[in-house]
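Here is what each chain is made of, one letter per residue.
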Amino acid sequence: MKLNYAVVYERTPNNYGAYVPELPGCVATGKGWQEIQTTVREAIVFHIEGLIASGDPVPDPQMSVGDAMAYHVTSLSDAGESVPDLETTFGMAEVEITRPKTAEAS
């Protein structure tokens, strides 16, 4: 199954960071733009595999890029922080997930 999650990317002086608002704790870093796009997809798959392994529900993606932008600004505001002087980009990351089949009654 293919899933598309909204992602917040930030460029720092030394690298890129990214997080997925709909998957709390799902973060990634990379040295360059291509690397961060790869590592955030890997982080999403790893995060979802962990949810599945622990029996937690996998949230279906619902955020748009606009929703991710609003979430990012609101979360900074709620934390009492000003908007940092970082290059922030928003996008979508598509991943392929295999959900386990449920046991069928015999």
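To be clear, the structure that these remarks concern was listed above.
Attention here is on the structure that accompanies the text. For clarity, every value in this text was computed on a predicted model and none was experimentally measured.

Some remarks on the pattern of salt bridges
Applying the stated rule across the entire model yields 1 salt bridge. One salt bridge in this structure joins E87 and R11, with 3.9 Å as the shortest N-O distance. Pair noted here: E87 is in strand β4 (residues 87–96) and R11 is in strand β1 (residues 2–11), with a separation of 76 residues, a long-range link. You can call R11 partly exposed: its relative accessible area is 41%.

Some points on the sheet that holds strand β3 (residues 27–30)
Adjacent strands of a sheet form backbone hydrogen bonds with each other and so pair up, either parallel or antiparallel. Taken in spatial order, the 4 strands line up as β3-β2-β1-β4 in an open sheet, and their pairing is antiparallel. Edge positions in the open sheet fall to β3 and β4, since each of these has one partner strand only. Taken pair by pair, the neighbouring strands of this sheet meet at an average axis angle of 25°, ignoring direction. Pairing of β1 with β4, which is carried by 10 bridges, proceeds in the antiparallel orientation. Bridge assignment links Y9 to a residue of β4, and that residue is T89.

Thoughts on the nonpolar core
Ranked by internal contacts, the top residues of the largest apolar core, which has 20 residues, are Y5, V7, V20, L23, V40, I44 and I48. At 6 residues, the largest contribution of residues to this core is made by helix α1 (residues 33–53). Setting aside anything within four residues of it in sequence, one finds V40 in contact with V7, Y9, A18, V20, A28 and A93.

Description of the side chain of H72
Topologically, H72 is positioned in helix α2 (residues 65–78). Here H72 falls in the buried class, since its relative accessible area comes to 7%. In this structure the side chain of H72 is engaged in a polar contact, spanning 3.3 Å, whose partner is the side chain of E10. Leave out the neighbours within four places in its chain, and H72 touches V8, E10, Y19, T88 and F90.

Analysis parameters
Residues numbered from 1 in each chain as written. Predicted model: local features only at pLDDT ≥ 70, side-chain atom pairs only at ≥ 80, totals over all residues. Heavy atoms only, no water. Salt bridge = Lys/Arg side-chain N within 4 Å of Asp/Glu carboxyl O. Helix = DSSP H or I, 4+ residues; strand = E, 2+ residues; numbered from the N terminus. Buried < 20%, exposed > 50% of the residue type's maximum accessible area, 1.4 Å probe, protein only. Pairing = 2+ DSSP bridges. Axes fitted to C-alpha atoms, helices over the stretch in contact; angles between N-to-C directions. Core = buried A, V, L, I, M, F, W, Y, C linked by side-chain atoms within 4.5 Å. Contact = heavy atoms within 4.5 Å. Polar contact = N/O pair within 3.5 Å; in protein donor to acceptor, adjacent residues only side chain to side chain.

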